[in-house]
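Coordinate analysis (summary)
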Amino acid sequence: MSVTALIVAAGKGERLGGDIPKQYLPIGGKPALRWAVEALAGHPSIDAVRVVVGAGQQDLASAALHGMNVGDPIEGGPERSDSVLNGLEAISEGAVLVHDAARPFCPPEVVDRLIAALDKADGAVPVLAVADTLAQGAAFLDSPVDRKRLLRVQTPQAFHVEDLIYAYEEAGRSAATDESTVMLAAGLKVATVEGDPMLEKLTTPGDWARAEAILSSRLV
Ligand code: CTP
Ligand code: MG
């Protein structure tokens, strides 16, 4: 089974703000997108990597990806799911690992677990348990939430390409923030594998300090 990694990097990083979208900001001197591509391109089970880039971000992308074998960039769309769908048009068979450029560090063991789990399911996603107490509310607490069955879902997410295309056809383009949501809406079976704190998404300024700390601890 051929495995293609599809890295979506067409967002604007509005929650972070600033002039340059977050996936192009450096961590240890290297753009986050390049870390994400290197982590997957270097995995022995991954045959190809493709990158989805925002309109107007091509120059940033080609600088970040200089010298890397990722084919032509695929143009993204207004929502993340539009970017994923554009990317899927370029992948005809096998398995796809959909991954956020905003998650620069992907341990190879997570990819091993995902590919193994795909044997027995339509898709597989890395998850982490919730450590904090959870509740509903705003200025005052309303009600507690049982955290025992709640999971934090990360990327990369692995699917048989034809299943994911089917799921998008069934569920339609949506504001879903990931593909596991689309797969579930279409009634498909998504397995969970153990995720990794290294896969936390870069979203707000404090996340860069955490990413730099990961680097300086030489975990990657
Ligand atoms: N993404 C994309 N196309 C979009 C929106 C998001 O390819 N139209 C990508 C982002 O580049 C990122 C990943 O999807 O790698 C996860 O999205 P998120 O963390 O929400 O990034 P942004 O949408 O860029 O950030 P924000 O929501 O703060 O604007
Ligand atoms: Mg977003």
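Residues numbered from 1 in each chain as written. Chains lettered and ligands numbered in written order. Predicted model: local features only at pLDDT ≥ 70, side-chain atom pairs only at ≥ 80, totals over all residues.

1. Some words on the environment of Q136
Going by this rule: The way it works is that DSSP assigns letters per residue, a run of H or I at least four long becomes a helix, a run of E at least two long becomes a strand, and they are numbered from the N terminus. Around each residue's C-beta, the other C-beta atoms within 10 Å are counted; 20 or more make the residue buried, 12 or fewer make it exposed, and counts in between make it partly exposed. All C-beta atoms are placed from the backbone. Two residues form a contact once the distance between their C-beta atoms, set from the backbone, is within 7 Å.
Inspection of the secondary structure assignment puts Q136 in strand β8 (residues 134-137). You can call Q136 exposed: it has 9 C-beta atoms within 10 Å. On a C-alpha basis, the gap between Q136 and G195 in space is 25 Å, while along the polypeptide they are 59 residues apart. Beyond its immediate stretch of four places on either side in the chain, Q136 contacts D142, S143 and V145.

2. Observations regarding the pairing of strand β11 (residues 157-160)
The line we're drawing: Two strands make a pair as long as DSSP finds a minimum of two bridges between them.
The pairing of strand β6 (residues 95-100) with β11 spans four bridges and is classified as antiparallel. What sits directly across from L97, in β11, is A158.

3. Looking at helix α4 (residues 108-117)
As a reminder, the rule being used: Directions pointing from the helix axis toward each C-beta atom define the arc.
For α4, the set of buried residues is V110, V111, R113 and L114. The buried residues of α4 all sit within an arc of 160° when viewed along its axis, so they share a single face.

4. Topic: helix α3 (residues 80-88)
What α3 keeps buried is the set R80, S81, S83, V84, G87 and L88. Relative to the axis of α3, the buried residues are bounded by an arc of 155° and lie together on one face. Lining the buried residues of α3 we find β1 (3-9), β4 (48-53), β5 (74-75), β6, α5 (161-171) and α6 (179-185).

5. Quick notes on the site of ligand 1
Note the threshold: By convention here, the C-beta atom is placed from the backbone, and a residue is near a molecule or strand when that atom is within 6 Å of it. Polar here means any residue other than Ala, Val, Leu, Ile, Met, Phe, Trp, Tyr, Cys and Pro, which are nonpolar, and Asp, Glu, Lys and Arg, which are charged; Gly is therefore polar.
The local shell around ligand 1 holds 22 residues, among which V8, A10, G11, E14 and R15 are the closest. Those elements that place two or more of their residues in the shell around ligand 1 are β1 and α3. Broken down by class, the residue content of the shell around ligand 1 amounts to eight nonpolar, seven polar and seven charged.

6. Some words on the pairing of strand β9 (residues 141-145)
On a regular strand, one side chain projects to one face of the sheet and the next to the other, so that they alternate. Of all five residues in β9, zero are buried; the element is thus mostly exposed. Note that β8 and β9 share four bridges and pair antiparallel. Bridging from a neighbouring strand, Q136 pairs with S143 of β9. What sits between β8 and β9 in their antiparallel hairpin is a turn of three residues.

7. Overview of the nonpolar core
Under the convention used in this document: In plain words, the nonpolar core is the set of buried Ala, Val, Leu, Ile, Met, Phe, Trp, Tyr and Cys residues that C-beta atoms within 7 Å link up.
With 56 residues, the main nonpolar core has L6, I7, A9, A36, L40 and L97 as its most contacted residues. Per element, the largest residue contribution to this core is seven residues, and it comes from helix α1 (residues 32-41). Not counting the four nearest positions on each side in its chain, I7 is found in contact with A36, V37, L40, V49, V51, V52, H99 and A101.

8. Overview of the confidence of the model for the chain
Filter applied, for reference: pLDDT is a per-residue confidence score from the predictor, ranging from 0 to 100.
Of the residues in the chain, 99% have a pLDDT of 70 or more, and the chain-wide mean is 95. Interface confidence for the predicted complex, expressed as ipTM, amounts to 0.99; the pTM equals 0.96.

9. Topic: the environment of P197
Its location among the elements puts P197 in the loop between β12 (190-194) and α7 (206-216). P197 sits 16 residues away from T181 along the chain, and the two C-alpha atoms are 21 Å apart.

10. Thoughts on the environment of E109
The residue E109 is located in helix α4 in this model. Taking the number of C-beta atoms within 10 Å as the measure of exposure, E109 has 11 and is therefore exposed. In the structure, E109 is positioned 46 residues away from T155 in sequence and 13 Å away in space, judged by C-alpha atoms.

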